[in-house]
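# Report on the structure
Each chain, letter by letter, is given below.
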Amino acid sequence: MSSLQDKLVALQKQGIKEIEKSDDLKQLNDIRVNLLGKKGPITEVLRGMRDLAKEERPAVGSFANKVRDALTESIETRKQALETAKIEHQLAQEKLDVTLPGTPVKQGTHHVIMQTVETLESVFLGMGFKVVLGYEVEEEKYNFEKLNMPKDHPARDMQDTFYINKDILMRTHMSPDEARTLEQHDFSTSPMKMIGPGRVYRRDTDDATHSHQFFQMEGQYIGEHVTMADLKGTLSFAIRQFFGAERKIRFRPSYFPFTEPSVEVDIFCFKCNGVGCDVCKHSGWIEVLGAGMTHPNVLKAAGVDPVKYGGFAFGLGIDRFAMLKYGIDDIRQFYQNDIRFLSQFTEA
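Residues numbered from 1 in each chain as written. Predicted model: local features only at pLDDT ≥ 70, side-chain atom pairs only at ≥ 80, totals over all residues. Heavy atoms only, no water.

### Digging into the packing of helix α5 (residues 112–125) against helix α8 (residues 228–243)
Counted only if it meets this: Every angle, taken between N-to-C directions, lies between 0 and 180 degrees, and every axis is a line fitted to C-alpha atoms, over only the stretch in contact when it is a helix. By definition, any uninterrupted DSSP run of H or I lasting at least four residues is a helix, any uninterrupted run of E lasting at least two residues is a strand, and each is numbered from the N terminus. Roughly parallel covers angles under 35 degrees, roughly antiparallel covers those over 145, roughly perpendicular covers 65 to 115, and oblique covers all other angles. When the near helix sits turned anticlockwise from the far one by under a right angle, the crossing is termed left-handed; a clockwise turn instead gives a right-handed crossing. Contact definition: two residues touch when any of their heavy atoms are within 4.5 Å. Gly is placed with the polar residues, together with every amino acid not listed as nonpolar (Ala, Val, Leu, Ile, Met, Phe, Trp, Tyr, Cys and Pro) or charged (Asp, Glu, Lys and Arg).
Between α5 and α8, the least distance of the axes is 10 Å, while the angle of their chain directions is 135°. The pairing of α5 with α8 is recorded here as oblique in orientation. Classified by chirality, the crossing of α8 by α5 is right-handed. Only Thr234, Phe237, Ala238, Gln241 and Phe242 of α8 make contact with α5, whose side of the interface consists of Thr116, Thr119, Leu120, Val123 and Phe124. Here the contact of α5 with α8 is composed, by residue class, of 6 nonpolar, 4 polar and no charged.

### Observations regarding the environment of Glu218
The following threshold applies: Burial classification: accessible surface area is computed with a 1.4 Å probe over protein chains only, and a residue below 20% of its type maximum counts as buried, one above 50% as exposed, and the rest as partly exposed.
Along the polypeptide, Glu218 turns up in strand β5 (residues 213–223). The class of Glu218 is buried, set by a relative accessible area of 6%. Along the primary structure Glu218 and Glu178 are separated by 40 residues, whereas in three dimensions their C-alpha atoms are 7.8 Å apart. Ignoring sequence-local partners within four residues, the contact set of Glu218 consists of His173, Met174, Ser175, Glu178, Met194, Ile195, Gly196, Phe314 and Gly315.

### As for the pairing of strand β9 (residues 310–317)
Just so we agree on the cut-off: When DSSP finds two or more bridges between a pair of strands, those strands are recorded as paired.
Where β5 and β9 come together, 8 bridges link them in antiparallel fashion. Residue pairing in the sheet places Gly223 in a bridge with Gly310 of β9. With 5 bridges connecting them, strand β8 (residues 285–294) and β9 associate as antiparallel partners. Bridge pairing in β9 links Gly292 to Ala313.

### Topic: the side chain of Gln115
Rules: Counting of polar contacts relies on pairs of N or O atoms within 3.5 Å, with two restrictions inside protein: one atom must be capable of donating a hydrogen and the other of accepting it, and residues adjacent in sequence are counted only when both atoms are side-chain atoms.
Of note, Gln115 is situated in helix α5. A polar contact is formed between the side chain of Gln115 and the backbone oxygen of Phe345, at a distance of 3.0 Å.

### Concerning helix α2 (residues 25–36)
Note the following rule: Each residue after the first adds 1.5 Å to the expected span of a helix. The directions considered for the arc run from the helix axis to the C-beta atoms.
Taking 1.5 Å per residue, 12 residues should reach 16 Å; α2 reaches 16 Å between its end C-alpha atoms and fits that length. All of the buried residues in α2 are Leu28, Ile31, Leu35 and Leu36. The buried residues of α2 occupy an angular sector of 100° when the element is viewed end-on, so they sit on one face. For α2, exposure combined with an orientation more than 90 degrees from the buried face picks out Lys26 and Asn34. Regarding α2, its N-cap is Asp24, as a side-chain oxygen of that residue lies 3.1 Å from the backbone nitrogen of Lys26 further along.

### With respect to the sheet that holds β5
In spatial order, the strands read β1-β4-β5-β9-β8-β7-β6; together these 7 strands make up an open sheet with mixed pairing. Only two strands of the sheet have a single partner each, and these edge strands are β1 (130–131) and β6 (249–256). Of the strands in this sheet, β1, β4 (192–201), β5 and β9 touch α5, which is tilted by about 5° from β5. Sheet contacts for α8: β6, β7 (259–268), β8 and β9; angle to β8, the most-contacted strand, approximately 145°.

### Brief notes about the environment of Cys280
Here Cys280 shows up in the loop between β7 and β8. A relative accessible area of 4% means that Cys280 is categorised as buried. Once the C-alpha coordinates of Cys280 and His185 are considered, the two residues, 95 residues apart in sequence, prove to be 40 Å apart. Setting aside anything within four residues of it in sequence, one finds Cys280 in contact with Cys269, Cys272, Trp285 and Ile286.

### Quick word on the pattern of salt bridges
Note the following rule: What makes a salt bridge here is a side-chain nitrogen of Lys or Arg within 4 Å of a carboxyl oxygen of Asp or Glu, nothing more.
For the coordinates displayed, the defined rule picks out 15 salt bridges. A salt bridge links Lys141 to Glu139; the nearest nitrogen and oxygen atoms lie 3.9 Å apart. Here Asp266 makes a salt bridge to Arg252, at a shortest N to O gap of 2.5 Å. A residue pair is termed long-range when its members are at least 10 positions apart, and Asp266 in strand β7 and Arg252 in strand β6 qualify at 14 residues. Using a relative accessible area of 1% as the deciding quantity, one classes Asp266 as buried.

### Brief notes about α5
Taking 1.5 Å per residue as the helical rise, α5 with its 14 residues ought to reach 20 Å, and the 20 Å between its terminal C-alpha atoms agrees with that figure. For α5, the set of buried residues is Val112, Ile113, Gln115, Thr116, Val117, Leu120, Glu121, Val123 and Phe124.

### Thoughts on the nonpolar core
Worth spelling out the cut-off: Working definition of a nonpolar core: buried Ala, Val, Leu, Ile, Met, Phe, Trp, Tyr and Cys residues. They are joined through side-chain atoms within 4.5 Å.
Among the nonpolar cores identified, the biggest contains 46 residues, and Val288, Leu289 and Phe334 are the most heavily contacted of them. Counting only elements with at least two residues in this core, the list comes to α5, β5, α8, β7, β8, β9, α10 (318–326) and α11 (339–342). The residues contacting Val288, other than those within four sequence positions of it, are Ile239, Phe243, Val265, Asp266, Ile267, Leu316, Gly317, Arg320, Phe321 and Leu324.

### Quick word on the packing of aromatic side chains
Each aromatic ring pair is described using two quantities: the centre-to-centre distance and the angle formed by the ring planes. Worth spelling out the cut-off: Only centres within 6.5 Å qualify two rings of Phe, Tyr or Trp (six-membered ring in Trp) as a pair; their planes then separate them into stacked at under 30 degrees, edge-to-face at over 60, and tilted for everything else. Note on geometry: a ring has a charge over it if NZ (lysine) or CZ (arginine) is within 6 Å of the ring centre and within 35 degrees of the ring normal.
This model, assessed by the stated rule, comprises 16 aromatic pairs. Relative to Phe243, the ring of Phe242 lies with its centre 4.9 Å away and its plane at 80°, an arrangement referred to as edge-to-face. Of the two residues, Phe242 and Phe243, both sit in the buried class. Members of the aromatic cluster, each reached through a chain of ring pairs, are Phe124, Phe129, Tyr221, Phe312 and Phe314. Sitting over the ring of Tyr221, Lys193 keeps its end group 5.0 Å from the ring centre.

These figures capture arrangement, not role.
The structure is reproduced here in C-alpha cells:
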C-alpha cells in the first residue's frame, strides 16, 4: 500500500511543478489531460489497487482522491492567474489616453435643395409671409379649376401630369396651396401672405434642364390696396437677398391664366454680365420666376370679393435658383445622390 501512496505523492509533486511552470492556458489544459485523464499516471497507479488486500483499498482510494483534488485545485489556481495576466497584458496594450482629442464624427448637412428652400423661406418670413405645406397628391379642382383653368383650357396642355384617377393627380405646381389658403383665410383679421415650397410632378423627359419631378415655391399676397408696386418691391428684395444686392432685375410682360396682368422676372446674367453667353442664351438676361396680379376669377373661386381685395402671386423653381446660384449645369445631379457632388454644399 505504501508503494502506491509513494507513487501518488511523487506524481502530485511533479504535477504541481509542471502546473506552476505552464505559460499559457493551452499548455495548462494539456497538463490537466495528461495528469487527470483516463490514460493518465494517477489512473495507472490506481489500477494497481487490485493487488491490494480488500481492507487496504479504501485508504489508498481516499488518498488518491486527495491527490487528484490537490492537482485540480492547483490547475484552477494557475488558470485564474494566467487569465488575469492575459487581461492585464491586453489592457496594457489597449489602454486609452482619455486626454487625447477624440476622433471627429463626420457630420452630414442638408441637401442643397433644402438649403435653398430654407434660405428663401428665411427671406419671405422676414417680410411677414407664412409657410404653408400642401398635398403632393391633389384634387384636380384645386390644381386647375380654382386657378382659372377649366377642363377645356389650353394651358393644361403645358402641365400634363400623372393622374391617379379622373379627379386626383400629382400636383403640377404649388398653386393649389394658394387656392386652399385663400378659401380658409379670414381677411377680417389680416391680409393673406403665404409661401408654399414643395415637390411637383409633370410628364417630362429628363435631361440636363428638365425633370419629371422638381421643387417649386409659390407665394401670394392678398389684401386691400395691394398693387403692382408691392409685387415689384417684394420680388426685387427677395431676388437681391438670394443672388446678391448688386444684381440687376427687369420685369417684362407675360401670360399666366391665374394672374392678370402677368410678368416674367429676369436677372442680369452673372456669367457674362449682360454681354451674352450660353447660360443666358446670348440675351444677357436669365429668367428666374413668373408673377402677376391675382386674377379676379381665382378670388371668386375661393369666395373672396375681388372688388374689395386684390393682390399678387408668384412662382419660382427652387432647382433653377440653386443651379443659377451655384453654377450647376445639370439638374439630374440633385437627385443622383453622389456624395462627391453633395458634399460641396455646406451650410453657412
